[in-house]
Number of protein chains: 2
Amino acid sequence: MTSQPAAAERQRDADRTKAEILEVARREFARRGYAGARVDEIADLMRTTKRMIYYYFGSKEQLYIAVLEQAYTEVREAERLVDVEHLAPVEAIRTLAELTFDHHDAHREFIKLVAIENIHQAEHIRKSEVLANLGTPVLDLIGRILRAGTASGDFVTEADAIDVHMMISSFCFFRVANQHTFGALFGRDMAAQEHRDRLRRMVGEMVVAYLRGAGSPDHPPDQGSR
Amino acid sequence: MTSQPAAAERQRDADRTKAEILEVARREFARRGYAGARVDEIADLMRTTKRMIYYYFGSKEQLYIAVLEQAYTEVREAERLVDVEHLAPVEAIRTLAELTFDHHDAHREFIKLVAIENIHQAEHIRKSEVLANLGTPVLDLIGRILRAGTASGDFVTEADAIDVHMMISSFCFFRVANQHTFGALFGRDMAAQEHRDRLRRMVGEMVVAYLRGAGSPDHPPDQGSR
DNA sequence: CATGTTACGAACTAGATAGTTAATTAATGT
DNA sequence: ACATTAATTAACTATCTAGTTCGTAACATG
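Residues numbered from 1 in each chain as written. Chains lettered and ligands numbered in written order. Predicted model: local features only at pLDDT ≥ 70, side-chain atom pairs only at ≥ 80, totals over all residues. Heavy atoms only, no water.

Under an unreviewed UniProt entry, chain A has the name TetR family transcriptional regulator and belongs to Planobispora siamensis.

Visitor: What exactly am I supposed to notice about the confidence of the model for chain A here?
Guide: The predicted coordinates ought not to be read in detail in places where the model reports low pLDDT. Residue and element names in this part refer to chain A. Averaged over all residues, the pLDDT of chain A equals 89, while 91% of them reach at least 70. Taken as a whole, residues 1-8 scores under 50 in pLDDT and shows four contacts with residues more than four places along the chain or in a different chain. Here residues 221-226 is a poorly scored stretch, pLDDT under 50, and it has ten contacts once near neighbours within four places are set aside; other chains count. (pLDDT = per-residue confidence, 0-100. Contact = heavy atoms within 4.5 Å.)

Visitor: Can you help me understand the interface of chain A and chain B in this one?
Guide: Frequently, the measure chosen for interface size is the accessible area that the parts lose on association. On the side of chain B, 72 residues touch chain A, which itself brings 72 residues to the contact. Summing the contributions of chain A and of chain B, the shared interface buries around 6300 Å²; its carbon and sulfur component is 63%. Remark: the boundary between chain A and chain B carries six salt bridges. A salt bridge links Arg-188 of chain B to Asp-160 of chain A, with the shortest nitrogen-to-oxygen separation between them at 3.0 Å. Where chain A meets chain B, there are 16 residue pairs in polar contact (both at pLDDT 80 or more). Among the secondary structure elements, those contributing two or more residues to the side of chain A that touches chain B are helix H1 (14-36), helix H4 (60-80), helix H6 (108-119), helix H7 (123-127), helix H8 (136-152), helix H9 (161-177), helix H10 (179-186) and helix H11 (193-212) of chain A. It is H9 of chain A that contributes the most residues to the side of chain A that touches chain B, 13 residues altogether. (Buried area = accessible area lost by both parts, 1.4 Å probe. Salt bridge = Lys/Arg side-chain N within 4 Å of Asp/Glu carboxyl O. Polar contact = N/O pair within 3.5 Å; in protein donor to acceptor, adjacent residues only side chain to side chain. Helix = DSSP H or I, 4+ residues; strand = E, 2+ residues; numbered from the N terminus.)

Visitor: Just checking my understanding: could you explain the domain arrangement of chain A for this structure?
Guide: All names here are of chain A. With domains assigned, chain A is organised as domain 1 (1-58) and domain 2 (82-212). On a C-alpha basis, the centres of domain 1 and domain 2 stand 32 Å from each other. For the pair domain 1 and domain 2, the summed buried surface comes to about 550 Å²; carbon and sulfur atoms form 68% of the total. When the buried area of domain 1 at its contact with domain 2 is split by residue, Arg-26, Ala-30 and Tyr-34 rank highest and sum to 70% of it. Taken together, domain 1 and domain 2 are joined by one salt bridge. With a closest N to O distance of 3.6 Å, Glu-109 and Arg-26 form a salt bridge. Taken together, domain 1 and domain 2 are joined by zero residue pairs in polar contact (both at pLDDT 80 or more). A per-class count over the side of domain 1 that touches domain 2 returns three nonpolar, one polar and three charged. (Domains from an automatic or database assignment. Nonpolar A, V, L, I, M, F, W, Y, C, P; charged D, E, K, R; others polar.)

In structure tokens, the structure reads:
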């Protein structure tokens, strides 16, 4: 079909045009939300015309879904590179938490898209078949770490993989997604460099502490001195 | 000005109309986002006409800001009722976490508005003078609990009040705000009753565990057996 | 009860916005 | 060289949407 091995200087290049539309559209959707983004605006930010958007994607909604699909798959591929299996349970989960942190830090546009998609009750994600079972790999990993940690005695709290994933994600997500209202209300920019490292350590310590079971009433700390 | 002590059956009632507009507008903005909400739609959902929206609020944006102001202040007033001061540090912070959880659980429309506002980089909140220093009371409370806990030896981790607040909020916020994408990806509805109680306990234990310092590398658990 | 003011409704408008039509030019295969 | 298909452009349209105009009826006040 359209498969010349990248003859870089062609005047007409379906793949390139398509990619450029996706890129600009992603930026615009992330900036303004689904309803707030303008098809005309997206077109004006490229050398292509609006017609091409409809030529390749059919409608604003389908374009938006394509953007979501691309963003999600990109992000999951990045996650796959992580190897924490060789680490001891405590270090494994701490590292995973910190990597998740980095990940959220590095893909802010993606975070915004997720937030936007939640406002729309994930109706577009549900329309996409590509994005159905994209969550499982992380859960498998966490599951293995949890079992290893319980077996070694490092983890005391009986935890569910999904819950732990949620705990880590929530912290990382919130810091990026809610930086603006949080900043406006509490006068602190969580996303700023000066807080980054401390908060990064914090996620790791949080999960580890939780799994070690220091939170439950029947496991008081060892050096208690009341 | 317009101050009859609620003569319930008046045909014209500025306060009532204004209140109704705000109520419907809040629902619509929370549902569809700022750009997605339609002034006409808001009008059609009431017995009042669109004209009244402009009569009382001037513009779509000012209406939206009014909605935000109302939602935020309502929510902060609810928070003020909480009394955890008489509790011991560990129970105080755990209770605060669980109350924050309940609070998020009970005000989902508000959560959505916050999420929406973050997509717009909090530009509307910043335009409002009402919403400037609304965050402080919670921070004071957490600060006191932290100091008490450190003094009593219950808390080992040196933590900042804002960080702790963020940690609690992120968990509670995420569960509600991201329920849809999370559900779509991991097949679990975090907001459902069946997970509610477990996750509620989880926030409490998480904060307590973190503050007890079980997460840092130099504080291994007491019954360690590797 | 006359008069001014406040609250309200119906219909209108200018500009924006998603989506289209139809003609045109570049690449490709034969 | 030529016909076919894929990629692209420019101009157009129907509809939607925030915001307005203007008239009117209820209420308060002297």
